[in-house]
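Residues per chain are reported as follows:
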Amino acid sequence: MLIRGGRLVDPALGIDALRDVRMTDVIVEIGEHLEPAPGEKIFDVKEAVVAPGFVDMHVHLRDPGDPQKETFETGGAAALHGGFTAVACMPNTRPALDDPAILDDLLRRVETSAVGLPHIYPIAAITRNRAGKELCDYPSLARSGAVAFSDDGAAVADGSVLQAAAHAALGVSGPFISHCENAALKSLSAALSECSVVARDLRVARATGKAWHFAHISTRMGVELLRFARRSGTTVTAEVTPHHLLCTQDEARSLGTAAAVNPPLADTQDARALRDAVRDGVIDVFASDHAPHTEAEKRGPDPPPGFSGLELALGAYAAALPDLPLLRFVEMLSWAPARILGIPGGTLRRGSAADITVFRDEPWRVDARALVSKGKVTPFDGWTLPRRAIATIVHGRLLYDARAASPT
Ligand code: DOR
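Residues numbered from 1 in each chain as written. Predicted model: local features only at pLDDT ≥ 70, side-chain atom pairs only at ≥ 80, totals over all residues. Heavy atoms only, no water.

Caption draft 1: Inspection of the pattern of salt bridges at higher detail. As enumerated under the stated definition, the model contains 29 salt bridges in all. With a closest N to O distance of 3.8 Å, Glu 32 and Arg 19 form a salt bridge. Here Glu 32, found in the loop between strand S5 (27-31) and strand S6 (42-44), pairs with Arg 19, found in the loop between strand S3 (15-18) and strand S4 (20-23); they are 13 residues apart in sequence, far enough to count as distant. Owing to a relative accessible area of 23%, Arg 19 belongs among the partly exposed residues under this scheme. Asp 105 is the salt-bridge partner of Arg 109, the closest N and O atoms lying 3.1 Å from each other. Remark: Asp 105 and Arg 109 occur in helix H2 (residues 100-111); sequence separation between them is four residues, near one turn of the helix. A single salt-bridge network, built from bridges that share partners, covers Asp 63, Asp 105, Arg 108 and Arg 109. (Salt bridge = Lys/Arg side-chain N within 4 Å of Asp/Glu carboxyl O. Helix = DSSP H or I, 4+ residues; strand = E, 2+ residues; numbered from the N terminus. Buried < 20%, exposed > 50% of the residue type's maximum accessible area, 1.4 Å probe, protein only.)

Here is the structure:
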């Protein structure tokens, strides 16, 4: 296939220019005005951006255990609609992704699925059943495909357990990912709850030398701690979600249970600090924390935290940071998460897998009921967002094409 007429944005190659891209299942050639070969399929994408496939390094696919909320197939479809060619899925499943046999089973089902899917990379638990007590077997989990380790959904409460875990995982590739909420402090202050875990985990990262990533940073105090750590030479990475960049407690109050999420939505100053942290590089990655639940649960008396994100993330990031240069925007969605997880992709360099996201600046209205995810709740319902995916290509296969899908 030849993708013609697009603006190629590839941060690793340092290219932001009109270029055509020829591919099979890998990138064959990048050039100006490439001549179509006889019989070659042509995909004209004038006025669209052609980028290395987007990677969402923080999603919940609810597989195994909660097919009423999502499966790897429905979550995979949502990812493709959102422009993601790869996702990394969190281990707070039932059972938790804490045992190589559970990862083997998930990946076997992914590989033998009849539907076209993005790449799916499991993140394994740090502790057995994410209970914060017994360590998992990190080398075996990595051999079974784990690309990172996290007890996401909660912090590992006991710092000495976390430190022992980081030591045990030292020779294993794949970062530890911190969920920064201190359950004992949350009712006092969300910022304090976040910062106490960020500070502790920075210390463990530095003491052990384990590669470390901070999930969904949500407060300006969290940002300041990361900034301080970087200045003092601690090399860690961090992500931010669309909802923390854009939504505040005021909106949360008017949205009611739809806005329940962990960490909670903060105030306008926090959201501004997060946007600044993206601009100045303290935050490296955009990640959606796609966390689907059934509508009945979300509207019920005890709503679980989280909501769908994959299909609107790209538009929400653009709404939050309209001034962010496209090279950096694309880097935060492709090159940066791919490098942090140590997975292929993130660039369209010749010979790399033909994983490509094509997107365009085009306002569209979010309709939560029309999401392909099983999670039909999002605080962005009814919002008009400025950017959307128009095609998602995985290994040279056009798996999502907005021209074929009905426009919303
Ligand atoms: O809001 C959230 N939902 N935050 C988390 O950390 C977990 C997630 C979920 O699994 O539902």
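Now, onward.
Caption draft 2: Structural view of the sheet that holds strand S1 (residues 2-4). Pairing is mixed in the open sheet, where four strands are placed in the order S5-S4-S1-S6. At either end of the open sheet lies a strand with only one pairing partner, and these are S5 and S6. Sheet twist, expressed as the average angle between the axes of neighbouring strands with direction ignored, equals 15°. When S1 meets S4, the two strands line up antiparallel, connected through two bridges. Residue pairing for S4: Ile 3 is matched across the bridge by Val 21. (Pairing = 2+ DSSP bridges. Axes fitted to C-alpha atoms, helices over the stretch in contact; angles between N-to-C directions.)

Caption draft 3: Highlighting the packing of aromatic side chains. Tallied over the entire structure, the rule returns ten aromatic pairs. Seen from their ring centres, Phe 54 and Phe 84 are 6.2 Å apart, and the 55° between their planes marks the pair as tilted. Placement of the pair is Phe 54 in strand S8 (residues 54-59) and Phe 84 in strand S9 (residues 84-89), with a sequence separation of 30 residues. Considered together, Phe 54 and Phe 84 belong to a single accessibility category, that of buried residues. Ring pairing ties together the aromatic residues Phe 54, Phe 84, Phe 286, Tyr 317, Phe 329 and Phe 359, which thus form one cluster. (Phe/Tyr/Trp six-rings, centres within 6.5 Å; stacked < 30°, edge-to-face > 60°.)

Caption draft 4: How the structure looks around the pairing of S3. The sheet contact formed by strand S2 (residues 7-10) and S3 spans four bridges and is antiparallel. Across the sheet, the residue bridging to Asp 10 is Ile 15, located in S3. Connecting the antiparallel pair S2 and S3 is a turn made up of four residues, with Gly 14 showing a positive phi of about 65°.

Caption draft 5: Looking closely at the site of the ligand. Surveying the vicinity of the ligand reveals 14 residues, the closest of which are Arg 62, Asn 92, His 179, Asn 262 and His 293. A distance of 3.4 Å separates an oxygen atom of the ligand from a polar atom in the side chain of His 60. His 179 is positioned such that a nitrogen or oxygen atom in its side chain is 3.3 Å from an oxygen atom of the ligand. Within the complex, the protein chains bury 95% of what would otherwise be the 290 Å² of accessible surface of the ligand. For the shell around the ligand, the per-class residue count stands at three nonpolar, eight polar and three charged. (Near = heavy atom within 4 Å. Polar contact = N/O pair within 3.5 Å; in protein donor to acceptor, adjacent residues only side chain to side chain. Areas by Shrake-Rupley, 256 points an atom, 1.4 Å probe, with all protein chains shown as cover. Nonpolar A, V, L, I, M, F, W, Y, C, P; charged D, E, K, R; others polar.)

Caption draft 6: Inspection of the environment of Asn 92 at higher detail. Its location among the elements puts Asn 92 in the loop between S9 and H2. C-alpha separation for the pair Asn 92 and Gly 153, spaced 61 residues apart in sequence, amounts to 6.8 Å. Looking at Asn 92, its side chain comes within polar contact range of the side chain of His 60, at 2.7 Å.

Caption draft 7: Structural detail: helix H11 (residues 313-320). Among the eight residues in H11, seven count as buried, and that is most of the element. Three or more residues of H11 are buried, namely Ala 313, Leu 314, Gly 315, Ala 316, Tyr 317, Ala 318 and Ala 320.

Caption draft 8: View of the sheet that holds S2. Taken together, six strands build an open sheet; the order of strands is S3-S2-S7-S16-S17-S18 and the sheet is mixed. Among the strands making up the open sheet, the edge pair consists of S3 and strand S18 (397-401). Neighbouring strand axes in the sheet, compared pairwise and without regard to direction, differ in orientation by 25° on average. Pairing of S2 with strand S7 (residues 49-52) involves two bridges; the strand directions are parallel. Bridge assignment links Arg 7 to a residue of S7, and that residue is Val 49. Strands in contact with H11 are strand S16 (356-365) and strand S17 (384-394); relative to S17, the strand with the most contacts, it is inclined by about 135°. (Contact = heavy atoms within 4.5 Å.)

Caption draft 9: Representation of the side chain of His 179 within the structure. Take His 179: it is sitting in the loop between strand S12 (176-178) and helix H5 (190-208). Within the structure, His 179 has its side chain in polar contact with the side chain of Glu 181 (distance 2.8 Å). Reaching out from His 179, the side chain makes a polar contact with the side chain of His 216 at a distance of 3.3 Å. Discounting residues that sit within four places of it in the chain, His 179 has contacts with Asp 152, Gly 153, Ala 154, Ala 155, Val 197, His 216 and Asn 262.

Caption draft 10: Structural context of the pairing of S7. In the sheet, S7 pairs with S16 via four bridges, with the strands oriented antiparallel. The partner of Pro 52 across the bridge, within S16, is Ile 356.

Caption draft 11: Structural context of the nonpolar core. Phe 176, Phe 214 and Phe 286 are the most contacted members of the largest nonpolar core, which totals 88 residues. Here this core gets six residues from one element, more than from any other, and that element is H11. Non-local contacts of Phe 286, meaning those with residues more than four positions away in its chain, are made with Val 240, Leu 245, Val 278, Tyr 317, Leu 321, Leu 324, Phe 329, Met 332 and Leu 333. (Core = buried A, V, L, I, M, F, W, Y, C linked by side-chain atoms within 4.5 Å.)

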